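Descriptive analysis of the structure
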Amino acid sequence: MLTATAALRTFPSVTMFVTEMPQEQYAPRSTMQTSEGPQVYKVGIYGWRKRCLYFFVLLLMILILVNLAMTIWILKVMNFTIDGMGNLRITDKGLKLEGDSEFLKPLYAKEIRSRPGNPLYFQSARNVTVNILNDKTKVLTRLVTGPQAVEAHSQKFEVKTLSGKLLFSADDNEVVVGAERLRVLGAEGTVFPKSIETPNVRADPFKELRLESPTRALVMEAPKGIEINAEAGSLKATCRTELRLESKDGEITLNSAKIKLPNLPQGSSSSAGSRQKIYELCVCPNGRLFLSQAGTSSTCQINTSVCL
């Protein structure tokens, strides 16, 4: 086998040197591999790559342990059990909540009740609102308890006893008090801007009953009669201008052992009876009463000047 070892090119001519190499040096490649044995190539991560991989695996294990510890701590603090969480227990009848609870959002429930023998409290910094909705989520009844007032919005408001007896009812047309007795404990009594209908008005025992209208008239009407009775005291009627007792179809009866009219005017006295204290009751044509000194005969005609 011939191999060119060098070549020299010149402008006039070209000279080539060829030497003959031994055939053993150019043996096939396969023959050299078989004679030296198979080569082994190592597969894996070495050096700084291997150290980084171990570091990331260790960091992941630490994060898993911290997460597991935090989960166990939260379960312990929140008191998670099979029956529920904390004071909240899941029962066959629903949810059972023990202790004080705070709701930041609206609460929807079919029934809310306390434990047997314990009261149920609703507490709020501003107000407590209870709404009753229909199928279309429209408010039918609303109860609002605020810091200044308690408001109830409904078509009708009723208060009943345990036996079902009506005590109080109010709607757009009327207000009904179904109790046997209505007591008003205010120092100034009760003010009715319009009329009132009742079968009986009376004061407590040993208390005074006063009916007055400071700026308007006071009218009492009844189809079958009005009875004013003071069993253990006196009856007093006071007015500024006129007091009238009028009966259209009947009569006015003053039934008493003594009837006093202390401020009746007196007619001019006669000279004959100036010292006597016996008087005659006279009536003017206009209905005015006056006193006249009694004489042997009637003296009312002499004192007709009082009727003017």
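Residues numbered from 1 in each chain as written. Predicted model: local features only at pLDDT ≥ 70, side-chain atom pairs only at ≥ 80, totals over all residues. Heavy atoms only, no water.

Now for the overall build of the chain. Of the regular secondary structure elements, the chain holds 2 helices and 13 strands. Across the 308 residues of the chain, 6% fall into the buried class. Residue pairs in contact within the chain that sit at least 24 positions apart in sequence constitute 7% of those at least 6 positions apart. (Helix = DSSP H or I, 4+ residues; strand = E, 2+ residues; numbered from the N terminus. Buried < 20%, exposed > 50% of the residue type's maximum accessible area, 1.4 Å probe, protein only. Contact = heavy atoms within 4.5 Å.)

Moving on to the sheet that holds strand E11 (residues 175-177). The antiparallel open sheet is built from 3 strands, whose spatial order is E9-E10-E11. If you trace the sheet from one side to the other, it starts and ends with strand E9 (157-160) and E11, each paired once. Each neighbouring strand pair of the sheet contributes to a mean axis angle of 10 degrees, computed without reference to strand direction. Sheet analysis places strand E10 (residues 166-170) next to E11, joined by 3 bridges and oriented antiparallel. The partner of Phe168 across the bridge, within E11, is Val177. (Pairing = 2+ DSSP bridges. Axes fitted to C-alpha atoms, helices over the stretch in contact; angles between N-to-C directions.)

Once that is clear, we can look at the pairing of strand E13 (residues 289-293). Counted residue by residue, E13 has 4 buried out of 5 residues, so it is predominantly covered. Examined bridge by bridge, strand E12 (residues 279-283) and E13 share 5 bridges and lie antiparallel to one another. Considered in E13, the bridge of Tyr279 is made with Gln293. The hairpin formed by E12 and E13 contains 5 residues between the paired strands, and Gly287 there has a positive phi angle of roughly 95 degrees.

Now for helix H2 (residues 48-77). Relative to the 44 Å expected for 30 residues at 1.5 Å per residue, H2 spans 43 Å between its end C-alpha atoms, a close match to the ideal helical length. After H2 finishes, the residue Asn79 shows a positive phi value of roughly 60 degrees. (Expected span 1.5 Å × (residues − 1).)

With that out of the way, let us pick up the pattern of salt bridges. Close approach of charged atoms lets side chains of opposite charge pair. The final tally for this structure, using the stated rule, is 4 salt bridges. Between Glu158 and Lys160 there is a salt bridge, and its shortest N-O distance comes to 3.6 Å. According to the relative accessible area criterion, Glu158 is partly exposed, its value standing at 36%. As a salt-bridge pair, Lys165 and Glu180 come within 4.0 Å of each other at their nearest N and O atoms. (Salt bridge = Lys/Arg side-chain N within 4 Å of Asp/Glu carboxyl O.)

Let us now look at the nonpolar core. Membership of the largest hydrophobic core is limited to 5 residues, which are Cys282, Cys284, Phe290, Cys300 and Val306. Setting aside its immediate chain neighbours within four residues, Cys282 contacts Arg288, Leu289, Phe290, Ser292 and Cys300. (Core = buried A, V, L, I, M, F, W, Y, C linked by side-chain atoms within 4.5 Å.)

On inspection of all chains with the given rule, the structure shows 2 aromatic pairs. With centroids separated by 6.3 Å and ring planes inclined at 65 degrees, the aromatic side chains of Phe157 and Phe168 adopt a geometry described as edge-to-face. Here Phe157, found in strand E9, pairs with Phe168, found in strand E10; they are 11 residues apart in sequence, far enough to count as distant. Overall, the relative accessible area of 39% leaves Phe157 in the partly exposed class. We classify Phe168 as partly exposed; its relative accessible area is 30%. (Phe/Tyr/Trp six-rings, centres within 6.5 Å; stacked < 30°, edge-to-face > 60°.)

So, about the sheet that holds strand E3 (residues 84-85). The strand order across the open sheet formed by 3 strands is E3-E4-E5, and the pairing between neighbours is antiparallel. Both outer strands of the open sheet, E3 and strand E5 (94-97), are each paired with one neighbouring strand and no more. The pairing of E3 with strand E4 (residues 88-91) spans 2 bridges and is classified as antiparallel. Bridge pairing in E4 links Met85 to Leu88.

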